[in-house]
Structures are given as structure tokens and as C-alpha cells.
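Each chain is listed here by its residues.
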Amino acid sequence: TSWSAASTGLSNPKIYALAIDPVNPNNLYAGTSRGVFMSVDGGINWNESSAGLGTSAVRSLAIDVSEPRTVYAGSSVVFRSDDGGISWTACDNGLTGAVSALTVDPTYSHVVYAGTDDGFFRSVTRGDIWAQWNPGIEHMQVNTLVINPFDLSKLYAGTDGDGVFSIVLKPSLSVTSPNGGENWLAGSSQNISWTTEGPIGNVRIEFSVDGGTTYTTLAKSVPNTGRYSWTLPSVLSPRYSIQISEVGGDAVDKSDGLFSIVGCSYSISPASQVFDSSGGNGNVTVSAPGGCSWTASSNVAWIVILSDASGSGNGKVYFSVSSNGSTNLRTGTLTVAGQNFTVTQAGSPVGCSFTITPTRQSFGTIGGSNTVSVTASSTGCSWVAISNVPWIIINSGASGGGNGSVGYTVAANAGTASRTGTVSLAEQTLTVTQTGTATGSEADLFVPVVLSAAGLNNSFYTSELTLTNRGPSDAAVTFNYTGTFGGGSGKAATSLPAGQQQIVPDAIVYLKSLGVPIPDSGNRGGTLLVSFSDISSPSDAAVTARTTTAVGNGRAGLAYPGITKLGALSGPAYLCGLRQNATDRSNVAFQNLGSSTEGNITLQVTVYSGDSPFSMPLPDITLAPGGFFQITGVLASNGLSIQNGYVRVARKSGTAPYFAYGVVNDQANSDGSFVPPQLEEAGPVTGIILPVIVEASPFSSELVVTNWSAQTRILHFEFVAESIQTSDKTARFSRTLQAGEQVIIPDLVQFLRDQEIEGIGPFGTVQAGALFVTAEGGDSHGVFMGARTSSPGGGGRYGLFYTGVPYGTTSTSAAWIYGLQQNAENRTNLALVNTGEIDNSQDTFKIEIFNGVTGQLAGTIDGIMLSARRWMQIGAILAPYAPGVTQGYARVTKVSGANPFIVYGVVNDGSRPNERTGDGAFLVSFP
């Protein structure tokens, strides 16, 4: 009905957990983002109670009801206090994942349960030792735990997106098996750990192999706490049961029916694989119970095992097949875990020619079967058939010599969109198309500008276009080009197969080739709406543009993503970090993203000086649907003479969405930096993360900070990098910005060195890490932060611009990066930041790299570990981790850890460092 504040003494308002002493209700504990606080007067006053725990975020609390001075706190690990919160000890032996839930068993108080983002854990030693206990919730994120007060043997676990689970507790008996609990291996050594409660003396341990009908005594009289090892009988029994009883008394605990006892059995998948004459790599999956060992060997020299020639339990064997110089078909065998894996390889096609009939075949949604005829120029010409998609299965004639036929089956299409697959057959390609069950999703992506046009200082800009369909369905792609200058508006269409990415070197030339009536020459440019249809999800589609100009020994320019409906603007926005001086000039551009039915919009543009309280509105801009308008040298336009400034843009009339961006151009080499818009009406911002600040010869980072709010902001900065010479690798400084002020610091690290900021070493030490900013008072709304990292070249500087990411808008589980390249002209770096927004815990990541040409998974990087608030970069990622892939895209998945993260890419001019210009184009990530 009513509430009153009870927070006196709490220095941090983020409260995650509360617990009340079951004996003295005046004693309260609070888990906060800065440790544990305690109240002894029913919540009227609070004091920090975190000795030994520090300022770790505490998200769960639990009290031992039988001894209330024993309190547990869940953070990155579990902490225990035995003195009512005065001091704490970390209890993390065997525990993985950040702890979000805790409860103490009310019957056996030495038994504690924990829910983490890596599953469900149990300790039978008051938290000293933990073991993952997975009654159906292995590796799920467990957010909350509660024991049924009417049935103390039952616990409920609430998970993150997987529902609620009911768990029957066996608190005083812990049993292990060699493969983590799925089964026991006949004849193997096993362990029991036990702890009993109360006045129980010695106990006996009994074992049953028939589910509890009869028992065999393992130990007649042992202490009521201990560990016992024994060897299982070499028999295959259906279920086991273990019982602990008081000597001369009744059973005190029983564990039965949990595991099967099994012998060693093996299977492999697949059983065979076919290669063409060029050879390649493959793998075989081994399935076996834990503890069952196996080996792999090859019976021919041309099949070489690359890794995992032996193992235990489940595993995978990787192998390579060398090229076949003979025209003859050949077969070889891998013996894996006692099973035969057959490799078939076609001979060299030298001197041979083939034809297949038919070359195309269409199927309906339900699929079906068909055959393909092969005609060879000689009976000695061998060939193979290889399906390039899993839904086309080769049934017969997978290899042969001379004339022959191949039978195949097309599986039913459960997707909504049509799909296309191929079979590589006798050096020819069979194309198979199949309709979907219904019309799929659609996605509209607006590219603010594509062009083929001259600029200042003898520059000539063209726009590269990257189209990505990461989904499982083929996409129909429609282009709607609105010419702003040079004429030639029109529409065109194409398709993009499932999983594939297409990089178009020149968008204007490409659109002309598809039939858009753009003139053959002259300066041409405009906006481009790219519509994907028949896709499984709108998020499966992406478009990125990169506009560059040729310079002395390479190219220089900038990149920008296609704008989704969510990225379109309706309210006021700011374009920050603009400047007009001897080295740089700034343009701003505006677009109407609406359809023809939504009509014109009018935009009001106001220029602000970052050095003084001066502003001036510019003439209104009216744009038709798809329209584009640029103000070149905006700070020097309309009679202005501003060196450091920013722009506010607002829709004055009309209802269609719009977009706006800025470009900072180098006066000497014409390199551009793309400046995205910042929303004026965004909610409260607790902090901002700038992904990276660099000082690594020849690169350095310029910092832009803008306060377009109406209040003075006192900003606190923390630069975190491994080379910073402080205990926590952090250099700290503060800056006051008046309302409307913008500060541009050309070389931030040198600036900090000049200011004698603690931790900044001498010039020459590589500095690279993220920059974190918070405003005094807790709200950074109205503050913009950006950076331009660049190096000298072409008489000026080549570089890229990127903006700070507000807390709460970073990635939490997975993110995608598109447009990766590795060729004679380009390479792509990929970088990660653990934002440390939640706590000081480490994140672990997996990166999957997909070949943009084929759509297939081309490489995986596992086990990337990154501490809180740390930055890392993988240079030229395609070369070492997806060799031979010239263009692709990547999915970054957080495997474990509590903190969100930032991922971005940089396309650099030059196949390796110190080649061509080295200019970079920033690639943002997508969910």
C-alpha cells in the first residue's frame, strides 16, 4: 500500500539481493554492485560489510537457517562469512560461471546450491568444494533457486529462457563417473563422497546393480564423512543404486536410478566421404562413452591424419586428402575407433571431358528423387559426385569411370523460402532449386549514398557494396536507386543464395549491369534502398557500403552500414566532431528514407560552435522520398567561419523517417571519416565506452568529446590498457565541459603524457585499450564521445572514425561482423572489448568465420578469454583462421562470463601492414 525509503548508508543504489536473519529479523543483508551491506536495525541504517569480498557485485545471498551467522554471497564466485558478514572468504573450488542464485539446504546445512550462468552446482562442504550437478539443466543459465518448504527434498530452478525445473535433492551423497555423470563404464574405478548430519555414528555403504532389489556391502563401518573408491564389476547392468546407512540403523541417504553402467561401444559419422581430384580436408566424428579410448590410422599415404589420432570418449579426427595426379579413381580407408571410414577420390581430369544431363532440376516443398546421366570421353576418365548442401543426398553412383548415372534425393523444405543447392559432378555442376512452404520475411536497408563522382584535390570516389544473406534461405534482392545527380533513377533485381555474401566493387557499374538506366559517364550518385525478401528473418540480411578514392599507392575512404527501420531518425539528432581548418574539412548530408506515399520532409539544420556559445540556423532543406542533400564544408558555409563545431538536425514537417551523417575529409589526401548521428531524445546514459584508443607508431588516436546538453558536465575518464603502469592498468583523468562545448584532442595519449597522468609511460610503448567515461551525478546524456585513429600518409593522415557506445546498448550474447576481406588490396582486423559493465569477471568467446563465396563455415576460434574492461585485436583474421577465404563474415559468441561486450572490424587498405595506404574503414557489429 505504501513504501518508505530504507537506504541510509547505502553508497550505491543498485541492489541485487536481500536476505533476513531467520532468528533476528532486525539483521538484514543487501547484495549490491559494490559488495555486501548490513543493517542491524531493520533497514533504517546500513554499513558496508565486505571485508575480504571487496567491491565485487553481489547478485545473490543465502543464510544458513541452523546457524544464521553463516551467510553466503554470490558474485563471480561464492563468498562465505562465518561471523555474520564481518569477514568473507572466497569459495570457488570447482565452480564456474558468475553466481546469480544461492540457497542453503534447511535439512543438511553443510549442503549449498548455486545457480550460475554455466549451470547448477552443489557443495556438500559448506562451499569449500563445488561440483556441477546437472539434473537436466546442464550449462543452462540458472537465475533463481528455491526449496519447497513443504517438501524439503525438492528444489526448483528458474533458468534464463529455458523455463523452470524441479530437482529432487540427494544432499549427503556425491557420486562421480568418468564422463561427468551420463553413465558409468564397466570395470572402471568409481568414487563416492558422503557427509551425514546429526548424532549419526559410523555408516555402511552398499551397492546394487539391480536397481535396489539386492545390495552388496562395499564398506561395513566408515566415518560419517569421507570418500570411498571401488572398481565396478565388469558386467552390463541396467541401473545402479547406492545406499548409505547408519551401522545398526536405517538408511540415511540413497542414490538410485541415476546412471547406466555401460561397456565400450563406438560409432563414427559419416562412414565415408568423396573428394574431387584436387583433394581437401575432412573430419570424422567419434561417439563413445567417457573413458573408452580409441585410435585412428590411415592405410594409404595420400590420406594424412592432421590431428586427434587418438582420444577417449567423444571426439573428432581431422584429415587431409592430397591431389590425385592420375586419371584413375582411387579409394582409401581410415580406421577410426575400430570402424572403417572410406575415402573415394576422382582422378585428374587432364585429357578427359564430361557432360551431364540434366544440368538443372526443380523440386517442390516435399522434395523427391532424381538421377543425372554422366557422359565421359573415355572409359578411363573417373569422376565423383559431391553434394554441396546437406539437403541433397547422393543415393547411388557417387563415383565412377566412363559413362554412368548418379541418383540423389532432395529432402523436404521446412523453411518458408525457396532454396538453391548444387552437386559437383564430373567437373560439371548440377543446380537444384526447391520451393519453400510460404513467403518468407522481408528486410529494407537504406544506403545513404552510392556514387561515382569527382571530389576535391583530384579525388574520384566510387562505392563498393557488400550484400550479405547469412540465413538458411535464398533471398530475392531488389534495388531502388534514386539519382541525386547525374540522373538515372530506377529499379533492378537479383538473388543472393543462402549463407552467401557478395562484394560489388563499384555499385554504380553494378546497378547499370542490372538494367538501372544510369548514364554511362559523368558524376553520378544517389541513395539506394536494398530490399531482401523470402528470407527467414529480417536480421539475416545486411548491406555495407565503402566509398573510397584512388590515392598514390592505394585507396582511402570510409564505410557505413545500410540503415534499418530501427536506425532511421524521427526526432532531433546531432552530428559531432566537425572541423574546418588547414588539415580537415567537414560535410554533412541528409536523406529522406520514406516511401513515395509518405511524401516530402523538411529538415531544420543548426550549426553550433564548439568553442563559444554561438549557433546559427541554416536554410531549411526539403527532400522528396529517397532524396539526398549535402552541405559541403558546412562550418564555412552560409557566411560561417567556425573551426570546431557540430550540427543539430530536426524534422520540421512531414512524417517520413530521415537520416543524417557527417564526413570529416583530409584536406591533403581526401581520406574520409564517417560520423553517424546521435539521438537527442535518448534516455539516461550511465556511461560511455569508446572501443579503443591507440598510440602505436605510426598510429595515434584523436579524441572528440561534445556536451550538447544544457548543463555543465564533469566527466571522469578511465583509459584501460595492458601497458599502463598502474596496479589496475588504468589511467584516470577528468575534464569539465560547459554546456554546448566540444573538445578535440589531436593525440590523446601524448596529451595524457604531457599532463603527467599516472601510468602513461614514455613514447614508444604501445598503448591500446578502451576508454570509459562517466559523468558526475551519474547521467552522461547529452555527451558525445568519438575517436579518429589515423597514421600519416599522402601529405595528410589516413584513418577512421568511430563513436562511443553507451552502457546498456552493448552486445550480450552474440554479434555479427560483415564485409571481412583478405586479398591483394585489403585485409580485415577484428577487435573485442569486455565492457566490465556487470563485474570484474572474465568473458570467454568463440568466433566462427563463414566463407562469403560459399556460405560455409570456414574456421572457428575457440577459447578466447578477455578480462573485464580489456581490449584485444586479431589482425588480418581471415589469413590465419580461414586460409584461402578472400571475403566472408563472422559470428562472435560469448561462451561464458557475466559482462556484455563490443565487437568491431576494420578493413585496411593493403594485404598486410605497411602495404598500400593502410587506411582503415570501420565496420560496426549487428545483433
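Residues numbered from 1 in each chain as written. Predicted model: local features only at pLDDT ≥ 70, side-chain atom pairs only at ≥ 80, totals over all residues. Heavy atoms only, no water.

1. A word on the overall build of the protein
Then step 1. Helix and strand counts for the protein come out as three helices and 77 strands.
Then step 2. Its C-alpha atoms give the protein principal-axis dimensions of roughly 100 × 90 × 55 Å.
Then step 3. Of all 927 residues assigned to the protein, the portion counted as buried reaches 52%.
Then step 4. For the protein, the share of sequence-separated contacts (at least 6 apart) that also reach a separation of at least 24 residues comes to 65%.
Then step 5. Just so you have it, the protein exposes about 37900 Å², and 51% of that area is on carbon and sulfur atoms. (Helix = DSSP H or I, 4+ residues; strand = E, 2+ residues; numbered from the N terminus. Buried < 20%, exposed > 50% of the residue type's maximum accessible area, 1.4 Å probe, protein only. Contact = heavy atoms within 4.5 Å. Areas by Shrake-Rupley, 256 points an atom, 1.4 Å probe, with all protein chains shown as cover.)

2. Considering the state of the cysteines
Then step 1. Enumeration according to the criterion identifies one disulfide in this entry.
Then step 2. Bridging C352 to C381, the disulfide has an S-S length of 2.0 Å. On the sign convention where negative means left-handed, the S-S torsion of about -85 degrees between C352 and C381 marks this disulfide as left-handed. Note that C352 is positioned in the loop between β33 (339-345) and β34 (354-357) and C381 in the loop between β36 (368-376) and β37 (382-387), a separation of 29 residues in sequence. (Disulfide = S-S within 2.5 Å.)

3. Section: the pairing of strand β67 (residues 783-793)
Then step 1. Taking burial as the measure, the eleven residues of β67 include ten buried ones, the bulk of the element.
Then step 2. Where strand β62 (residues 699-707) meets β67, eight bridges bridge the pair, whose relative direction is antiparallel. Of the residues in β67, the one forming a bridge with V705 is M785.
Then step 3. Counted between consecutive antiparallel strands, the loop separating β67 from strand β68 (residues 796-803) contains two residues, among which G794 sits at a positive phi close to 60 degrees. (Pairing = 2+ DSSP bridges.)

4. Section: the environment of V23
Then step 1. With respect to the secondary-structure elements, V23 resides in the loop between β1 (15-20) and β2 (28-32).
Then step 2. Owing to a relative accessible area of 63%, V23 belongs among the exposed residues under this scheme.
Then step 3. Spatially, the C-alpha atoms of V23 and R69 are 9.9 Å apart, while their sequence positions differ by 46 residues.

5. As for the pattern of salt bridges
Then step 1. Scanning the model with the defined rule gives 21 salt bridges in all.
Then step 2. In this structure, R80 and D82 form a salt bridge, with 3.3 Å as the shortest nitrogen-oxygen distance.
Then step 3. A salt bridge links R732 to D728; the nearest nitrogen and oxygen atoms lie 2.6 Å apart.
Then step 4. Taking the relative accessible area as the measure of exposure, D728 reaches 30% and is therefore partly exposed.
Then step 5. It is possible to trace a salt-bridge network through shared partners that takes in R80, D82, R126 and D128. (Salt bridge = Lys/Arg side-chain N within 4 Å of Asp/Glu carboxyl O.)

6. Looking at the sheet that holds strand β14 (residues 154-159)
Then step 1. Taken together, the three strands give an open sheet; going across it, the order is β13-β14-β15, and neighbouring strands pair in antiparallel fashion. Of all the strands in the sheet, the pair left with one neighbour each is β13 (142-147) and β15 (164-168). Adjacent strand axes in the sheet meet at a mean angle of 25 degrees, parallel and antiparallel pairs treated alike.
Then step 2. With five bridges connecting them, β13 and β14 associate as antiparallel partners. The residue of β14 that forms the bridge with T144 is G158. (Axes fitted to C-alpha atoms, helices over the stretch in contact; angles between N-to-C directions.)

7. Observations regarding unusual backbone geometry
Then step 1. Between S269 and P270 the backbone carries a cis peptide bond, its omega angle lying at -5 degrees.
Then step 2. In this structure, P270 sits in the loop between β25 (267-269) and β26 (272-275).
Then step 3. P358 follows T357 through a cis peptide bond whose omega is -10 degrees.
Then step 4. Position of P358 relative to the elements: it lies in the loop between β34 and β35 (360-363).
Then step 5. Here the phi dihedral of S670 falls at roughly 70 degrees; this positive angle occurs in a residue that is not glycine.
Then step 6. Among the secondary structure elements, S670 is positioned in the loop between β58 (658-666) and β59 (672-675).
Then step 7. Of note in the backbone geometry, R869 takes a positive phi value of approximately 65 degrees without being a glycine.
Then step 8. By the secondary structure assignment, R869 is in the loop between β73 (857-866) and β74 (871-874).
Then step 9. Relative accessible area serves as the criterion here: at 17%, R869 is assigned to the buried category.

8. As for the confidence of the model for the protein
Then step 1. When pLDDT is averaged along the protein, the result is 88, and 90% of the positions lie at 70 or above.
Then step 2. Across residues 234-238, where pLDDT falls below 50, the model places 14 contacts with residues more than four positions away in sequence or in other chains.
Then step 3. In this model residues 255-260 is a low-confidence stretch, pLDDT under 50, and it forms 23 contacts with partners more than four residues away in sequence or in other chains. (pLDDT = per-residue confidence, 0-100.)

9. Considerations on the side chain of S277
Then step 1. Mapping S277 onto the fold places it in the loop between β26 and β27 (280-287).
Then step 2. The contact partners of S277, leaving out residues within four places of it in the chain, are S323, N324, Q345, A346, G347, S348, P349 and E427.

10. Points about the packing of aromatic side chains
Given two aromatic rings, their pairing is described by the distance between the two centres and the angle made by the two planes.
Then step 1. The tally for this structure, following the rule as stated, stands at 21 aromatic pairs.
Then step 2. When the centroid spacing of 5.3 Å and the interplanar angle of 25 degrees are considered together, the rings of Y560 and F674 count as stacked. On the criterion of sequence distance, the pair formed by Y560 in strand β50 (residues 554-561) and F674 in strand β59 is long-range, its members being 114 residues apart. Here Y560 matches F674 in class, with each residue buried.
Then step 3. Measuring from ring centre to ring centre gives 6.4 Å for W816 and Y818, while their planes differ by 15 degrees; the resulting arrangement is stacked.
Then step 4. For Y818, a relative accessible area of 2% gives the class buried.
Then step 5. An aromatic cluster of three or more residues is present, and its members are W816, Y818, F850, Y889 and F926. (Phe/Tyr/Trp six-rings, centres within 6.5 Å; stacked < 30°, edge-to-face > 60°.)

11. Thoughts on a nonpolar patch on the surface
Then step 1. A cluster of nonpolar side chains, V146, Y156 and V164, forms an exposed patch at the surface whose accessible area comes to about 280 Å².
Then step 2. Residue position: V164 is located in strand β15.
Then step 3. Accessibility expressed as a relative area gives 64% for V164, which makes it exposed. (Patch = residues over 30% accessible without salt bridge, like charges linked within 9 Å, V, L, I, M, F, W, Y side chains within 5 Å.)

12. Regarding the environment of V675
Then step 1. Within the fold, V675 resides in strand β59.
Then step 2. Accessibility expressed as a relative area gives 0% for V675, which makes it buried.
Then step 3. Residues V675 and L155, spaced 520 residues apart in sequence, show a C-alpha to C-alpha distance of 53 Å.
Then step 4. Every residue in contact with V675, bar those within four places of it in the chain, is listed here: L575, C576, Y661, G662, V664 and F801.

13. Focus on the nonpolar core
Then step 1. Within the largest apolar cluster, 64 residues are counted, with the highest numbers of intra-cluster contacts made by L465, F532 and F590.
Then step 2. In contact with F532, other than residues within four places in its own chain, are S441, E442, A443, L445, T468, A475, A476, V477, L496, A541, A542 and V543.
Then step 3. By size, the runner-up hydrophobic cluster in this structure holds 44 residues, among which are L737, V749, I757 and A768. (Core = buried A, V, L, I, M, F, W, Y, C linked by side-chain atoms within 4.5 Å.)

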